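Coordinates in review
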Amino acid sequence: MVITPAAIESIRTLCIGLALSGLIASAFELFAARRASFSLLERGGLPAVAALPMLAFSAPFIILRNTVRGRRIEGRPMPFVMLATIVACGWSLLSGRVALDLAAMLVGV
């Protein structure tokens, strides 16, 4: 089995996206003394607009956290869990790519 450089880059991007997502959500929880969730958008107005960038990057962590919790507590069906995991990993892949591109732009590579 041969792993192509593109596959390695995708795995690296996915891992960075998931790690960044957890870091941002945990930092928000540390400083705000509440959990990061999509309910921050329900307030509307300026607080919702200010929360949007944080939620855009921490969404994969929030989705996975809610999915695991929903499976344990509510007994959600496994296909739902699989679909939510696919969505979270796709989102993580995109946010990881954005983060890597921003880092490369800042470094000047």
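Residues numbered from 1 in each chain as written. Predicted model: local features only at pLDDT ≥ 70, side-chain atom pairs only at ≥ 80, totals over all residues. Heavy atoms only, no water.

Should their charged atoms come close, side chains of opposite charge can pair. Taken as a whole and judged by the stated rule, the model has four salt bridges. One salt bridge connects Arg 12 with Glu 9, and the closest N-O pair in it is separated by 3.1 Å. Linking Arg 12 with Glu 9, this pair stays in helix α1 (residues 5–32), spanning three residues, or about one helical turn. For Arg 12, a relative accessible area of 43% puts it in the partly exposed group. Judged by its relative accessible area of 27%, Glu 9 is partly exposed. (Salt bridge = Lys/Arg side-chain N within 4 Å of Asp/Glu carboxyl O. Helix = DSSP H or I, 4+ residues; strand = E, 2+ residues; numbered from the N terminus. Buried < 20%, exposed > 50% of the residue type's maximum accessible area, 1.4 Å probe, protein only.)

Looking now at helix α3 (residues 78–107). End to end, α3 covers 42 Å across 30 residues, agreeing with the expected 44 Å (1.5 Å per residue, within 8%). Those residues of α3 lying buried are Val 81, Ala 84, Ala 88, Ser 92, Ser 95, Gly 96 and Leu 100. Elements that come into contact with the buried residues of α3 comprise α1 and α2 (45–74). At the exit of α3 stands Gly 108, carrying a positive phi of roughly 95°. (Expected span 1.5 Å × (residues − 1). Contact = heavy atoms within 4.5 Å.)

Looking now at the UniProt feature "transmembrane region" (unreviewed entry) in the chain. Per the UniProt entry, the sites bearing "transmembrane region" (unreviewed entry) are residues 48–68 and 80–100 in this numbering. Along residues 48–68, the helical share is 100% and the strand share 0%, with 26 Å between the first and last C-alpha atoms. Between the C-alpha atoms that bound residues 80–100 the distance is 30 Å, and the span itself is 100% helix and 0% strand. (UniProt positions renumbered as here; feature names shortened; annotations may be inferred.)

Relative to the elements of secondary structure, Ser 21 occurs in helix α1. Judged by relative accessible area, Ser 21 falls into the buried class, the value being 0%. One polar contact links the side chain of Ser 21 to the main-chain carbonyl oxygen of Phe 57, over a distance of 3.5 Å. Within polar-contact distance, the side chain of Ser 21 engages the backbone nitrogen of Phe 61 at 2.7 Å. Setting aside chain neighbours within four positions, we find Ser 21 in contact with Phe 57, Ser 58, Ala 59, Pro 60 and Phe 61. (Polar contact = N/O pair within 3.5 Å; in protein donor to acceptor, adjacent residues only side chain to side chain.)

A word on α2. In this model, α2 (30 residues) spans only 32 Å end to end at C-alpha, well below the 44 Å of a helix rising 1.5 Å per residue. Maximum bend of α2: about 60°, positioned at Ser 58, with proline Pro 60 one to four residues after it. Positive phi shows up at Gly 75, right after α2, with a value of about 70°. (Bend = angle between axes of the 7 residues up to and from the residue.)

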